[in-house]
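If you want the building blocks of each chain, they are given just below.
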Amino acid sequence: MRNGITPITFIGNLASDPELRYTKNGAPVAAVRVASTPRRYDKETGQYVDGEATFLTCNVWQKQAEHVANSLNKGDRVVVEGTLHQRSWEDKNGNRRYAQEIEVHEIGASMLFNEVEIRKPHGGQQRTSQGVPESPANTRSETGFPAGDEPPF
């Protein structure tokens, strides 16, 4: 791991719908607010008790941002993998403020409580019920990567 990089995997529910914007250069970016609430079993009451929720803003870039905006909604449970960053700024009263955010590498719907249907955007190939690509163009090599598109390692 590189110095100064804080990898994180965060699981929670979307606190709001994804907010899709575009930079001045036209790059899509989606901000999603994810809430994770710890639960513990209280032996005295015999019930589970919610702890204090952690809310993190997660920034998703490029095509993945558009996929998130088209696929996820408030309340959906997600798994987020990325890098944790802290930024600071001065508010209008001159006070120093801080926020922690995740620069998202991967985000997907959790299947703990949900079933998910995978579909390719913009007319891509659908998969059969067995998960086998319908088109021979989507065949995969022994490594699992698309044929002819091996990883660089």
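The following paragraphs examine the structure supplied in this document.

Tallying secondary structure elements over the protein chain gives one helix and eight strands in all. In sequence order, the secondary structure elements of the protein chain are arranged as β-β-β-β-β-β-α-β-β. Each of the 153 residues in the protein chain was classed as buried or not, and the buried ones make up 24%. For the protein chain, contacts bridging at least 24 residues in sequence account for 53% of all contacts bridging at least 6.

Throughout the structure, instances matching the rule amount to five salt bridges. Here Lys-63 and Glu-66 are joined by a salt bridge, their closest N and O atoms 3.2 Å apart. One end of the pair, Lys-63, and the other, Glu-66, are both in helix H1 (residues 62-71), three residues apart, so they sit about a helical turn from each other. The class of Glu-66 is buried, set by a relative accessible area of 18%.

Before going further, it helps to spend a moment on the packing of aromatic side chains. Counted by the stated rule, this structure contains one aromatic pair. Between Tyr-41 and Tyr-48, the aromatic rings sit 5.2 Å apart at their centres with planes inclined by 65°, giving edge-to-face as the arrangement.

A regular strand carries its side chains on alternate faces of the sheet. In this structure, strand E2 (residues 19-22) lies alongside strand E3 (residues 28-36), joined through four bridges in antiparallel fashion. Of the residues in E3, the one forming a bridge with Tyr-22 is Pro-28. Taking the residues between adjacent antiparallel strands as the criterion, E2 and E3 are bridged by five residues, where Gly-26 takes a positive phi near 90°.

The next thing to look at is the environment of Ile-8. Looking at the secondary structure, you find Ile-8 in strand E1 (residues 6-14). Spatially, the C-alpha atom of Ile-8 lies 5.7 Å from that of Thr-83, the residues being 75 residues apart in sequence. Setting aside residues no more than four positions away along its own chain, Ile-8 makes contact with Leu-56, Val-80, Glu-81, Gly-82, Thr-83, Leu-84 and Ile-102.

Despite not being glycine, Gln-62 shows a phi value in the positive range, around 60°. On the secondary structure map, Gln-62 appears in helix H1.

The subject of this paragraph is the nonpolar core. Residues Val-34, Val-80, Ile-102 and Ile-107 are the most contacted members of the largest nonpolar core, which totals 17 residues. Of all the elements in the fold, those that place two or more residues in this core are E1, E3, strand E6 (54-61), H1, strand E7 (77-90) and strand E8 (96-109). When neighbours within four sequence positions are excluded, Val-34 is seen to be in contact with Phe-10, Gly-12, Asn-13, Leu-14, Thr-54, Phe-55, Leu-56, Cys-58, Val-78 and Val-80.

Summarising the element assignment, Ser-110 is placed in the segment after E8. Its relative accessible area of 8% is what places Ser-110 among the buried residues. From its side chain, Ser-110 meets the backbone nitrogen of Leu-112 in a polar contact 3.2 Å long. Leaving out residues up to four positions away in the same chain, Ser-110 has contacts with Arg-77, Val-78, Val-79 and Val-116.

Bringing H1 into the picture now. Looking only at H1, the buried set comprises Ala-65, Glu-66 and Val-68. Around the axis of H1, the buried residues are gathered within 160° of arc, so they sit on the same side. On the buried face of H1, the contacting elements are E2, E3, E6 and E8.

About the thresholds
- Residues numbered from 1 in each chain as written.
- Predicted model: local features only at pLDDT ≥ 70, side-chain atom pairs only at ≥ 80, totals over all residues.
- Heavy atoms only, no water.
- Helix = DSSP H or I, 4+ residues; strand = E, 2+ residues; numbered from the N terminus.
- Buried < 20%, exposed > 50% of the residue type's maximum accessible area, 1.4 Å probe, protein only.
- Contact = heavy atoms within 4.5 Å.
- Salt bridge = Lys/Arg side-chain N within 4 Å of Asp/Glu carboxyl O.
- Phe/Tyr/Trp six-rings, centres within 6.5 Å; stacked < 30°, edge-to-face > 60°.
- Pairing = 2+ DSSP bridges.
- Core = buried A, V, L, I, M, F, W, Y, C linked by side-chain atoms within 4.5 Å.
- Polar contact = N/O pair within 3.5 Å; in protein donor to acceptor, adjacent residues only side chain to side chain.
- Arc of directions from axis to C-beta.

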